[in-house]
Amino acid sequence: MSFSAGILVLSLVTSLLDLGVSSCDKNCADKPVFSPSHLIVKYGDPASATCSVCQQDCLGNSFNIEHAVGDVEQNETKLHWKVDSLTEWDLNLTCFYNTAPDHRCCTPLPVTVYKPPDKVTFSFGDHTGPLLIDNLYHLRCTLENVAPFEKFEAVFYKNNRAFGQVYSYLFKDKTPLTKYLELDFVPQEYNHGEEYWCEAEFRLDSEGQQPPPVVRSQRVTAIVHYKPKFEADYDSRWITLTEGYKLQLNCTSSGNPSPSYNWTLPSGSVSSTTSSVFTIESIATKHQGTYTCIVSNGYGTLTEEFRVDVIRNYVGYLIAGVLALVVLLVLVGVFIYYRC
Ligand SMILES: *[C@@H]1O[C@H](CO)[C@@H](O)[C@H](O)[C@H]1NC(C)=O
């Protein structure tokens, strides 16, 4: 019996409290007006706000600002709240006046108490070392000891250009947190050598506020590894040369780390050349055949065949023949001359 009576008393108290809250009308016609309309304060800094109550008809002078810290001064229908150093993470300031004995007209002041991050760090997620092309990584911006976390966004930069921003509503804590924000990243060849960093920026959601300065991370150079690929589309895989000319086979490929080159000769033996360009200064018919270059780094291997045909130098033979004939004729002429 006494148990149910207890419940009755409790529910009565609760409904009285409900009444108290609902009688604080936030939608009344002549609401108190705060200036600024949103207070953004750095933790530990001085703060102040002014409230103008009852522009038209006030009932007596029962108005005030509900405040847990600081002091309120009254100047006619203006109330001035201030604190020398704000060290509350969760501050409620509500300006009110009474329109009737049981009706209260209220305006709460949205307050954001912030603390810039102690440090901002950029990383490729948990990954260390070179990145492999076409694999999924994360660009991560870690904000250390920041409040409120959800009011900050990470802006990602590469080569001095902003290219993405992230924020999260997942952590509603008003007190400082250390958390990270991430963007997906699939590196490509052209990302190699690019400089990445991030900045923690406060997201202002009202006009006329002075944003806290951005905090920038260190810069990180992306090292992207990829398998070799040919730099040019060589159309001269079939090469025909005349004897005595210079043969140059070019197998230059891109790749990171830089690939190594090996050449297989028509005989099947491996050349001592480890250059990307294979050269024979003066080609002869014995050099004819198929040359293969093998390009490799740790991530892949490319092979390319060059078919080389050598044409005999008939013009050279003809000139040599004519010269020999002239010499022969001269010799014969000289011989006949002396015999006669
Ligand atoms: C070989 O090819 C590369 C890529 O096209 C080029 O940059 C280089 O100059 C060439 N080398 C020679 C010796 O022709």
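Bear in mind the structure is a predicted one, so any value in this text is a computation, not a measurement.

Quick notes on the rules
- Residues numbered from 1 in each chain as written.
- Predicted model: local features only at pLDDT ≥ 70, side-chain atom pairs only at ≥ 80, totals over all residues.
- Heavy atoms only, no water.
- Helix = DSSP H or I, 4+ residues; strand = E, 2+ residues; numbered from the N terminus.
- Buried < 20%, exposed > 50% of the residue type's maximum accessible area, 1.4 Å probe, protein only.
- Contact = heavy atoms within 4.5 Å.
- Polar contact = N/O pair within 3.5 Å; in protein donor to acceptor, adjacent residues only side chain to side chain.
- Salt bridge = Lys/Arg side-chain N within 4 Å of Asp/Glu carboxyl O.
- Core = buried A, V, L, I, M, F, W, Y, C linked by side-chain atoms within 4.5 Å.
- Disulfide = S-S within 2.5 Å.
- Pairing = 2+ DSSP bridges.
- Expected span 1.5 Å × (residues − 1).
- pLDDT = per-residue confidence, 0-100.

Points about the environment of R307
(1) Moving on: You can see R307 is positioned in strand β27 (residues 300–311).
(2) Moving on: Exposure remark for R307: the relative accessible area of 28% places this residue in the partly exposed category.
(3) Moving on: Sequence-wise, R307 and T240 are 67 residues apart; in three dimensions their C-alpha atoms are separated by 8.3 Å.
(4) Moving on: Leave out the neighbours within four places in its chain, and R307 touches R237, W238, I239, Q288, G289 and T290.
(5) Moving on: Within the structure, R307 has its side chain in polar contact with the side chain of D309 (distance 3.0 Å).

A short note on the pattern of salt bridges
(1) Moving on: Following the criterion strictly, the structure yields twelve salt bridges and no others.
(2) Moving on: R140 is the salt-bridge partner of E182, the closest N and O atoms lying 2.6 Å from each other. Placement of E182 in strand β16 (residues 177–185) and of R140 in strand β13 (residues 137–146) is noted, with a sequence separation of 42 residues between them.
(3) Moving on: A salt bridge links K172 to E150; its shortest N-O distance comes to 3.3 Å. In this pair, K172 is assigned in the loop between β15 (161–166) and β16 and E150 in the loop between β13 and β14 (152–158), connecting sequence segments 22 residues apart.
(4) Moving on: Judged by relative accessible area, which is 53%, K172 ranks as exposed.
(5) Moving on: Overall, E150 belongs to the buried group, its relative accessible area being 16%.

Concerning the nonpolar core
Here is a general trend for soluble globular proteins: nonpolar side chains tend to be buried in one another's company.
(1) Moving on: Counting 26 residues, the largest nonpolar core has F124 and F156 as its most contacted members.
(2) Moving on: At the level of elements, β11 (119–123), β13, β14, β16 and β17 (195–202) are the ones that each hand at least two residues to this core.
(3) Moving on: Within the second largest apolar cluster, 25 residues are counted, among which are F34, V53, I65 and L86.

Comments concerning the state of the cysteines
(1) Moving on: As enumerated under the stated definition, the model contains five disulfides in all.
(2) Moving on: Each sulfur of the disulfide joining C24 and C106 lies 1.8 Å from the other. Taking the sign of the S-S torsion, about -125 degrees here, the bridge from C24 to C106 comes out left-handed. Of the two residues, C24 is situated in strand β1 (residues 24–25) and C106 in strand β9 (residues 103–109); the sequence distance between them amounts to 82 residues. Across the pair, exposure class does not vary: C24 and C106 are buried alike.

As for the side chain of K115
(1) Moving on: Mapped onto the secondary structure, K115 falls in the loop between β10 (111–114) and β11.
(2) Moving on: Since its relative accessible area comes to 17%, K115 is described here as buried.
(3) Moving on: If we ignore the near neighbours within four places in the chain, the residues touching K115 are W89, N145, V146, A147, F152 and P176.

A closer look at the pairing of β10
(1) Moving on: Every second residue of β10 is oriented toward a common face, with V111 and V113 on one face and T112 and Y114 on the other, all of them buried.
(2) Moving on: Judged from the four bridges that link them, strand β3 (residues 39–42) and β10 form a sheet pairing that is parallel. Of the residues in β10, the one forming a bridge with I40 is T112.

Let's talk about the sheet that holds strand β8 (residues 93–100)
(1) Moving on: Reading across from one edge, β1-β9-β8-β5 is the order of the four strands in this open sheet, with mixed pairing throughout. Strands at the two margins of the open sheet, each flanked by one partner only, are β1 and β5 (63–66).
(2) Moving on: Here β1 pairs with β9 via two bridges, running parallel. Following the sheet pairing, C24 is matched in β9 by R104.

So, helix α2 (residues 314–339)
(1) Moving on: In this model α2 runs 37 Å from its N-terminal to its C-terminal C-alpha over 26 residues, within 8% of the 38 Å that 1.5 Å per residue would give.
(2) Moving on: With zero of 26 residues buried, α2 lies mostly on the surface of the structure.

Regarding the confidence of the model for the protein chain
(1) Moving on: Per-residue confidence for the protein chain gives a mean pLDDT of 88, with 89% of residues at or over 70.
(2) Moving on: This model gives residues 1–22 a pLDDT under 50, and the stretch forms zero contacts once residues within four places in sequence are excluded.

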